[in-house]
Amino acid sequence: MIVVMSLDAKEQDITAVSQKLLQAGMLYQKAKSGDRVLFNVASEPELVRGLSLESFSGVEQVVATWATLPLVSRKQGRVNTVVQVEDISIGDGNISIIAGPCAVESEEQIVQIAHHVKSAGANMLRGGAFKPRTSPYSFQGLGKMGLCFLKKAKELTGMPIVTEVVAIEQLDLVCQYADMLQVGSRNMHNYALLKAVGEQRKTPVLLKRGMSSTIDEWLSAAEYIVSSGNSNVVLCERGIRTFAKKTRYTLDLSAVPVVKARSHLPVIVDPSHATGHWRLVEPMALAAVAAGADGLMIEVHPKPEAALSDGNQSLNPKNFNQLMDKLKKLAQALEKEQ
Ligand SMILES: [Mn+2]
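Residues numbered from 1 in each chain as written. Predicted model: local features only at pLDDT ≥ 70, side-chain atom pairs only at ≥ 80, totals over all residues. Heavy atoms only, no water.

Concerning the sheet that holds strand β7 (residues 96-100)
Sheets are built from strands paired through backbone hydrogen bonds, the pairs being either parallel or antiparallel.
Turning to step 1, where the next piece is worked out: Taken in spatial order, the eight strands close into a barrel running β7-β8-β9-β10-β11-β12-β13-β14, and their pairing is parallel. Neighbour-to-neighbour, the strand axes of the sheet open up by a mean angle of 25 degrees, direction not taken into account.
Turning to step 2, where the next piece is worked out: Packed on one face of the sheet, helix α8 (residues 255-262) meets β12 (233-237) and β13 (267-269) and runs near 170 degrees to β13.
Turning to step 3, where the next piece is worked out: Docked against the sheet, helix α11 (residues 317-333) engages β7 and β14 (295-299), running at close to 175 degrees with respect to β7. (Pairing = 2+ DSSP bridges. Helix = DSSP H or I, 4+ residues; strand = E, 2+ residues; numbered from the N terminus. Axes fitted to C-alpha atoms, helices over the stretch in contact; angles between N-to-C directions. Contact = heavy atoms within 4.5 Å.)

Considering the pairing of β12
Turning to step 1, where the next piece is worked out: When you tally the buried positions in β12, you get five out of five residues, the bulk of the element.
Turning to step 2, where the next piece is worked out: Both faces of β12 are covered, namely the face carrying V233, L235 and E237 and the face carrying V234 and C236.
Turning to step 3, where the next piece is worked out: For the crossover from strand β11 (residues 205-208) across helix α7 (residues 215-227) to β12, the handedness is right-handed.
Turning to step 4, where the next piece is worked out: Summarising the sheet, β12 and β13 pair through three bridges and their orientation is parallel. Directly across from C236, in β13, lies its bridge partner I268. (Buried < 20%, exposed > 50% of the residue type's maximum accessible area, 1.4 Å probe, protein only. Right-handed = clockwise from strand over helix to strand, strands pointing away.)

Concerning the coordination of the manganese ion
Turning to step 1, where the next piece is worked out: Note on the manganese ion: its protein donors are C102 (SG), H273 (NE2), E299 (OE) and D310 (OD). The metal-donor distances range over 2.0 to 2.3 Å.
Turning to step 2, where the next piece is worked out: One chain supplies every donor for the manganese ion, spaced along it as C-x170-H-x25-E-x10-D. Within this pair, whereas C102 is found in the loop between β7 and α3 (107-120), its partner E299 is found in strand β14, the two being separated by 197 residues in sequence. Neither residue differs from the other here; C102 and E299 are each classed as buried. (Donors = N, O, S within 2.8 Å, 3.2 Å for Na, K, Ca; no water.)

As for the side chain of S96
Turning to step 1, where the next piece is worked out: Inspection of the secondary structure assignment puts S96 in strand β7.
Turning to step 2, where the next piece is worked out: For S96, a relative accessible area of 5% corresponds to the buried category.
Turning to step 3, where the next piece is worked out: The contacts of S96, once residues within four sequence positions are left out, are I88, S89, I90, N123, D294, G295 and L296.

With respect to the environment of A291
Turning to step 1, where the next piece is worked out: For A291, the position within the fold is in the loop between α10 (278-290) and β14.
Turning to step 2, where the next piece is worked out: Put simply, A291 and S254 are 37 residues apart on the chain and 7.7 Å apart in space, counted from C-alpha to C-alpha.
Turning to step 3, where the next piece is worked out: Apart from residues lying up to four places away in sequence, A291 is in contact with L253, V256 and P257.

Some thoughts on the sheet that holds strand β3 (residues 36-42)
Turning to step 1, where the next piece is worked out: As summarised here, the arrangement of the four strands in space is β2-β3-β1-β4, forming an open sheet in which the pairing is antiparallel. A single partner strand is all that each edge strand has here, and the edge strands are β2 (27-33) and β4 (59-63). For this sheet the average axis-to-axis angle between neighbouring strands, irrespective of direction, equals 20 degrees.
Turning to step 2, where the next piece is worked out: Where β2 lies against β3, seven bridges are found, and the strand directions are antiparallel.

Listed below in structure tokens is the structure:
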């Protein structure tokens, strides 16, 4: 059983709960999640419920297990979480656009595309410096040099950057450059990494859905980050594995309203990796916004045919402009701002 203290619980409220548990002879582990305290009580649910802890000052709720996701679940009356990345607000009711190449390939490439997506209306720049690739022989990214090029692009355009961290050893380095850390699909089950990006509280996290993960597993991964101390988590649907062969993955757009109903965290959609083909990016991007997504993550490359990774699914600058024009019209129809 988990006793979740409220964010404004006072020291004496926490002491009162721990004394009550000790008096009842119950073993517990006290955990801190940001400014919030939780008690993980090793006892029968009926016995814990018998203590009526929910009537104690500073206790928000007493829930059955971690599987109930006390921190990321939507509760009655709880407002949506808005994740602030510098001056960009994700989840405030408008549509946030993250755009850029799959991988940072050179300073010229990232600076050129950063200027372009910014002028087309994008809010944030994406680009991988560390790339988790299926084949060990594929381009693995420029590493630290790629981060430096992203920094340069940020200095020139003012756009905050989101880039992936693939291993705990790189976390300190990536945090020096990233305004938002991406945990990719392949790492959604890397619980040590999830805890690490949670324990560093400064930088928000974009958590992609594992390609073979259920929505519950995805939300549990988010719970790892939030319970470790970082409540600034944006979820990103990026397609799941099914038997369908005509697209790279199957974009589970129904996950958007399902997650919005289950959780207070913002949800964005990545139609590039989901479909694997640039022609499918625009229709699925528009569909994602219509389904209620808080934003989009789109791969854009100055010359997709020459891209070192994911060229097939990257929009060229002209097609990105066209998508942004259509998104503006759709946003107006939905009474949102893009
Ligand atoms: Mn990619």
